[in-house]
Amino acid sequence: MLDVAMIERALEKPGKTKGGLARAMGVRPGAVSEILGGQRLIKAAEIPLITEYLELNSVPIMGRVGAGSVIEPDYEQVPLEGLGEVALPFPISEETVAFEVTGDSMLPKYENGDVIVVYKEQRHPLSSFYGEEAVVRLKSGERYLKTIERGKSPSVVNLKSFNAKPIVGVKLDWIGEIFVTLPRGQIARIRAKAAAKSRARAASKAER
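Fair warning: this is a prediction, and the values are worked out from it, not measured in the lab.

How each quantity is defined
- Residues numbered from 1 in each chain as written.
- Predicted model: local features only at pLDDT ≥ 70, side-chain atom pairs only at ≥ 80, totals over all residues.
- Heavy atoms only, no water.
- Salt bridge = Lys/Arg side-chain N within 4 Å of Asp/Glu carboxyl O.
- Buried < 20%, exposed > 50% of the residue type's maximum accessible area, 1.4 Å probe, protein only.
- Pairing = 2+ DSSP bridges.
- Helix = DSSP H or I, 4+ residues; strand = E, 2+ residues; numbered from the N terminus.
- Phe/Tyr/Trp six-rings, centres within 6.5 Å; stacked < 30°, edge-to-face > 60°.
- Lys NZ or Arg CZ within 6 Å of the ring centre and 35° of its normal.
- Contact = heavy atoms within 4.5 Å.
- 1 Å grid on protein atoms, 1.4 Å probe; cavity = no way out; pocket = protein on both sides within 12 Å on 5 of 7 lines; lining within 4 Å.
- Points joined across faces, edges and corners; volume = space filled by probe spheres on them.
- Nonpolar A, V, L, I, M, F, W, Y, C, P; charged D, E, K, R; others polar.

A. The arrangement of the pattern of salt bridges in detail. Within this structure, the stated rule accounts for 9 salt bridges. One salt bridge in this structure joins glutamate 46 and arginine 40, with 2.7 Å as the shortest N-O distance. Each of the two residues, glutamate 46 as well as arginine 40, counts as buried.

In structure tokens form, the structure reads like this:
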């Protein structure tokens, strides 16, 4: 959900200004200050304009997560800045990151190439995730997308797949609570739409 705090933080990004935001929204410059000061409400039609200008819908893809494949982050060939970004069709919390699914053990719900957006920090205790799908990192370092099941003791869990043998009796270092799942086909359409918009803007600038 878009709020004033998100806008204020986004305006701190290099190249983002109140004046630029006002132009993107098609409003007078003072309107942005009024929104930030609580004197003016954001109109529904302005939300996508604000979101696009401030890039509030971009989530970094920080690596891959195994759904059958074993992902060991220490050996994963991923740049420090990640595998790029995915732009969602709505504003999203800065507290999230994304992972690309690799493997087929979670079919038919999760396919190879899907993107899973999760919260960066674990927000709830382990016991609250029993029976829930999540991105997890083991104490031994591997990263998976699995269903978390209660283990033989409070300190261990079993990780269940839809169509592969469970991983039994492991300790977790981190649980990434799932915020949203993006099927690979949807991602392709979102990226194609963004590329088309970028080409249109470039063509418009060239004409001017």
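B. Molecular detail of the pairing of strand E1 (residues 58–66). Taken together, the 3 bridges between E1 and strand E2 (residues 85–87) define a ladder with antiparallel strand orientation. Within the sheet, the bridge partner assigned to serine 58 lies in E2 and is alanine 87. Looking at chain direction, E1 and strand E3 (residues 96–102) are connected through 4 bridges and run parallel. If you follow glycine 66 over to E3, its bridge partner there is threonine 102.

C. Seen up close, the packing of aromatic side chains. Under the definition given, this model contains 2 aromatic pairs. Measuring from centroid to centroid gives 5.6 Å for tyrosine 119 and phenylalanine 179, while their planes differ by 90 degrees, and the two rings are edge-to-face. Of the two residues, tyrosine 119 sits in strand E4 (residues 115–119) while phenylalanine 179 sits in strand E10 (residues 178–182), which places them 60 residues apart along the sequence. For tyrosine 119, a relative accessible area of 12% corresponds to the buried category. Over the ring of tyrosine 119 we find arginine 123, and its NZ or CZ is 3.8 Å from the ring centre.

D. A look at helix H2 (residues 18–25). Along H2, the residues that are buried comprise Gly20, Leu21, Ala22 and Met25. As for H2, its buried residues are in contact with helix H1 (4–10), helix H3 (30–37) and helix H4 (47–54). One or two residues past the end of H2 sits glycine 26, with phi positive at roughly 75 degrees.

E. Seen up close, the layout of surface pockets. Volume-wise, the largest pocket comes out at about 680 Å³. What lines the largest pocket is a set of 21 residues, among which Glu52, Asn57, Ala194, Lys197 and Arg201 lie closest to the centre. Of all the secondary structure elements, the ones that give two or more residues to the lining of the largest pocket are H4 and helix H5 (184–207). Per-element accounting of the lining of the largest pocket gives the leading share, 6 residues, to H5. Within the lining of the largest pocket, the residues separate by chemical class into 11 nonpolar, 4 polar and 6 charged. When its volume is computed, the second largest pocket comes out at roughly 230 Å³. A per-element tally of the lining of the second largest pocket places E1 first, with 3 residues. Among the residues making up the lining of the second largest pocket, the classes are represented as 5 nonpolar, 4 polar and 6 charged.

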